[in-house]
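# Results of the structural survey
This is what each chain is made of:
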Amino acid sequence: MSKSDYEDRLEPMQHELNDVARWLQHTGKRLVVIFEGRDTAGKGGVIAALSETLNPRQCRTVALAKPSEREATQWYFQRYVTHLPAAGEMVFFDRSWYNRAGVETVMGFCTPQQTQAFLKQAPVFEQQLVADGLLLFKYWLTVDQEKQEERFAERLSDPLKRWKLSPIDLQAREKYAQYGLARDAMFQATHQHEAPWVLVDFNDQRLGRLMLIRHLLDQIPERQVPVPAFEFPPLGHAPLKEQFGTKLKPI
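Below, the structure is looked at part by part. Every value quoted in this text rests on a predicted model; they were computed, and no experiment measured them.

Let's shift gears to the sheet that holds strand E3 (residues 90–94). Sheet strands line up and pair through hydrogen bonds in the backbone, either parallel or antiparallel. Read from one edge to the other, the open sheet built from five strands follows the order E2-E3-E1-E4-E5, with strand pairing classed as parallel. Each of the sheet's edge strands pairs with one partner strand only, and the pair in question is strand E2 (59–62) and strand E5 (197–201). Adjacent strand axes in the sheet meet at a mean angle of 20 degrees when their direction is disregarded. Pairing geometry for strand E1 (residues 30–37) and E3, over five bridges, is parallel. The partner of Val33 across the bridge, within E3, is Phe92.

Listed below in structure tokens is the structure:
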């Protein structure tokens, strides 16, 4: 999809996203969207498209690093709970508690017993969130290995994208099939009525973003609330220029 066609289609949906933001504030609802998927799928790009026109005080992105030594001794979900939204807020998780069923499982960062415990606990945890009124959506971004390899190569060659590469990414290239098996086991255990998984094809990232955003908007159909009216009365005098009472001057 061309960039201009993508931008033409995205703009009206961003207006709808602002409607959702006003609706959240009006109703006090809380929204969480989880973005999972293979490396290079495009999680950061779709989160940027969702959030770039929204109030950053209302909309937050959470992308946690690996647990600290102290966090590693806590209940697994504990460090994620602190980032859940308050009334009127939305939170986008760029990877989430599902790290336990993905990278931690495949790369051996947790034991099989820990993985199985997570797969039993995650549905219960999410049922409790939804029962408490949280709007929870889970998206898995799919990408074929051929396209993934192209994107890895692009990151390697582009100094502005080099930061996206890590030693774990290089190891993960050799475990594409294993990640698929772990993903399927995760879906089997955690795809439920209260919090289903939605898979989105991100081999074309622009098209994938549009498909995902459209799907998310369609899950919140009743989102129209009155737009606050603002009036700007006449200033009452000629516009003033900046005046500085110190030696400091703008550059």
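In this section: the packing of helix H1 (residues 3–27) against helix H9 (residues 205–218). The geometry of H1 relative to H9 is characterised by a closest axis approach of 10 Å and an angle of 25 degrees between their N-to-C directions. Judged on the interaxial angle alone, H9 and H1 are roughly parallel. Read as a crossing pair, H1 and H9 show a hand that is left-handed. Residue-level inspection shows Lys3, Tyr6, Arg9, Leu10, Met13, Glu16, Leu17 and Val20 of H1 in contact with H9, the latter providing Arg206, Arg209, Leu210, Ile213, Arg214 and Leu217. Looking at the contact of H1 with H9 residue by residue, the class counts come to eight nonpolar, no polar and six charged.

Within this structure, the stated rule accounts for 16 salt bridges. For Arg30, the salt bridge identified is with Asp132, shortest N-O distance 3.2 Å. Remark: Asp132 occurs in the loop between helix H5 (112–131) and strand E4 (134–142) and Arg30 occurs in strand E1; sequence separation between them is 102 residues. Judged by relative accessible area, which is 54%, Asp132 ranks as exposed. For Glu150, the salt bridge goes to Lys147, with nearest N and O atoms at 3.3 Å. Placement of the pair is Glu150 and Lys147 together in helix H6 (residues 145–157), with a separation of three residues, close to one helical turn. Assessed through its relative accessible area of 27%, Lys147 is described here as partly exposed.

Here we take up the nonpolar core. The nonpolar side chains of soluble globular proteins are, as a tendency, buried together. Counting residues in each nonpolar core, the largest one holds 33 residues, and the members touching the most others are Phe35, Val46 and Ile213. Of all elements in the fold, only H1, E1, helix H2 (43–51), E3, E4 and H9 reach the threshold of two or more residues within this core. Per-element tally for this core: the top contributor is H1, with eight residues. With sequence-adjacent residues up to four places away left out, Val46 is seen in contact with Phe35, Leu141, Phe202, Arg209, Leu212 and Ile213. By size, the runner-up hydrophobic cluster in this structure holds 24 residues, among which are Val32, Val62, Tyr80 and Leu134.

Here the focus is the environment of Phe232. Mapped onto the fold, Phe232 is located in the segment after H9. Assessed through its relative accessible area of 81%, Phe232 is described here as exposed. Here the alpha-carbon distance between Phe232 and Glu7, two residues 225 residues apart in the chain, equals 31 Å.

To continue, consider a nonpolar patch on the surface. Residues Met1, Leu207 and Met211 make up a contiguous nonpolar surface patch of about 270 Å² in total accessible area. Examined against the element boundaries, Met211 turns out to sit in helix H9. Taking the relative accessible area as the measure of exposure, Met211 reaches 53% and is therefore exposed.

Another aspect to go through is unusual backbone geometry. Here Thr40, not a glycine, exhibits a phi torsion of approximately 75 degrees, which is positive. Inspection of the secondary structure assignment puts Thr40 in the loop between E1 and H2.

With four of five residues buried, E3 is to be regarded as a mostly interior element. As paired elements, E2 and E3 share four bridges and run parallel to each other. Pairing of Thr61 across the sheet is with Phe92, part of E3.

Here is what the cut-offs are and how they apply
- Residues numbered from 1 in each chain as written.
- Predicted model: local features only at pLDDT ≥ 70, side-chain atom pairs only at ≥ 80, totals over all residues.
- Heavy atoms only, no water.
- Pairing = 2+ DSSP bridges.
- Helix = DSSP H or I, 4+ residues; strand = E, 2+ residues; numbered from the N terminus.
- Axes fitted to C-alpha atoms, helices over the stretch in contact; angles between N-to-C directions.
- Parallel < 35°, antiparallel > 145°, perpendicular 65-115°, else oblique.
- Left-handed = near helix turned anticlockwise from the far one by under 90°.
- Contact = heavy atoms within 4.5 Å.
- Nonpolar A, V, L, I, M, F, W, Y, C, P; charged D, E, K, R; others polar.
- Salt bridge = Lys/Arg side-chain N within 4 Å of Asp/Glu carboxyl O.
- Buried < 20%, exposed > 50% of the residue type's maximum accessible area, 1.4 Å probe, protein only.
- Core = buried A, V, L, I, M, F, W, Y, C linked by side-chain atoms within 4.5 Å.
- Patch = residues over 30% accessible without salt bridge, like charges linked within 9 Å, V, L, I, M, F, W, Y side chains within 5 Å.
- Areas by Shrake-Rupley, 256 points an atom, 1.4 Å probe, with all protein chains shown as cover.

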